[in-house]
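Take a look at the letters that make up each chain.
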Amino acid sequence: MKSMLYGFHGSEARLMRSFSTADLNKQVGEVTEAAIREPVFITRRNKPKFVLMSIDHFHKLNGNRDPRRAGTLETMPDDLFDEFEAAVEAYGGEGGEDRS
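Residues numbered from 1 in each chain as written. Predicted model: local features only at pLDDT ≥ 70, side-chain atom pairs only at ≥ 80, totals over all residues. Heavy atoms only, no water.

K.L.:
Help me out: how do you make sense of the overall build of the chain in this one?
P.N.:
Helix and strand counts for the chain come out as 4 helices and 4 strands. In the chain, the succession of α and β elements from N to C terminus is β-β-α-α-β-β-α-α. In the chain, which comprises 100 residues, the share counted as buried stands at 18%. A sequence separation of at least 24 residues applies to 16% of the contacts in the chain between residues at least 6 apart. (Helix = DSSP H or I, 4+ residues; strand = E, 2+ residues; numbered from the N terminus. Buried < 20%, exposed > 50% of the residue type's maximum accessible area, 1.4 Å probe, protein only. Contact = heavy atoms within 4.5 Å.)

Right under this line is the structure:
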């Protein structure tokens, strides 16, 4: 059952085409063709559960960003900092900074 649901395309709010999971199973060609043109919702029990989109739309949405992140010792999660500090000590260093 094809329908329209309210969603966002980029920063613009608008109606987006949707398909049920049953539609996806029965009409995969039609669903994927629609997803090539623009992202579509895939619903389960009449509630949006997934978004299907072309790889081009995904790259535009993701901004082709490098997923790697840089941070500082102060912003490092505690569990990772503890592992880092233990590794420094294991190599004969003097330990990490005291973050308290």
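Structure's up, so let's keep going.
K.L.:
Explain the nonpolar core here, please?
P.N.:
One broad rule of soluble globular proteins: the nonpolar side chains tend to lie buried together. The biggest cluster of nonpolar side chains holds 6 residues, and these are Phe 19, Val 31, Ala 34, Ala 35, Val 40 and Ile 42. Where this core is concerned, the elements lending two or more residues are α2 (28-37) and β3 (40-44). Broken down by element, this core gets its largest block of residues, 3 residues, from α2. Excluding its chain neighbours within four sequence positions, the residues that come into contact with Val 31 are Phe 19, Asp 23, Leu 24, Ile 42 and Leu 52. (Core = buried A, V, L, I, M, F, W, Y, C linked by side-chain atoms within 4.5 Å.)

K.L.:
Can you walk me through unusual backbone geometry in this structure?
P.N.:
The phi torsion of most residues other than glycine is negative, and most of the peptide bonds are trans. Positive phi outside glycine occurs at Arg 45, with the angle close to 55 degrees. Examined against the element boundaries, Arg 45 turns out to sit in the loop between β3 and β4 (47-52). Positive phi, normally seen in glycine, also occurs at Asn 46, with a value near 65 degrees. Mapped onto the fold, Asn 46 is located in the loop between β3 and β4.

K.L.:
When you look at helix α4 (residues 78-90) in this model, what are you seeing that I'm missing?
P.N.:
A rise of 1.5 Å per residue sets the reference length of α4, with its 13 residues, at 18 Å; its end C-alpha atoms lie 18 Å apart and thus fit the reference within 8%. Looking one or two residues beyond α4, the residue adopting positive phi is Gly 92, at roughly 85 degrees. (Expected span 1.5 Å × (residues − 1).)

K.L.:
Just checking my understanding: could you explain the pairing of β3 for this structure?
P.N.:
When a strand is regular, its side chains alternate between the sheet's two faces. Judged by how many residues are buried, β3 sits mostly within the fold: 4 of 5 residues are covered. As judged from the 5 bridges shared by β3 and β4, these two strands associate in the antiparallel manner. Bridging across to β4, Val 40 finds its partner in Leu 52. Two successive antiparallel strands, β3 and β4, enclose a turn made up of 2 residues, where Arg 45 displays a positive phi of approximately 55 degrees. (Pairing = 2+ DSSP bridges.)

K.L.:
Sorry if this is basic, but what is going on with the confidence of the model for the chain here?
P.N.:
Per-residue pLDDT for the chain averages 80, and the proportion of residues at 70 or more is 75%. Mean pLDDT per element in the chain: strand β1 (residues 3-9) is the minimum at 54, and α2 is the maximum at 94. (pLDDT = per-residue confidence, 0-100.)

K.L.:
Mind showing me how you'd approach the side chain of Ser 20 here?
P.N.:
Tracing the backbone through its elements, the reader meets Ser 20 in strand β2 (residues 12-20). On the basis of relative accessibility, which here comes to 18%, the residue Ser 20 falls in the buried class. At 3.0 Å, the side chain of Ser 20 forms a polar contact with the backbone nitrogen of Asp 23. (Polar contact = N/O pair within 3.5 Å; in protein donor to acceptor, adjacent residues only side chain to side chain.)

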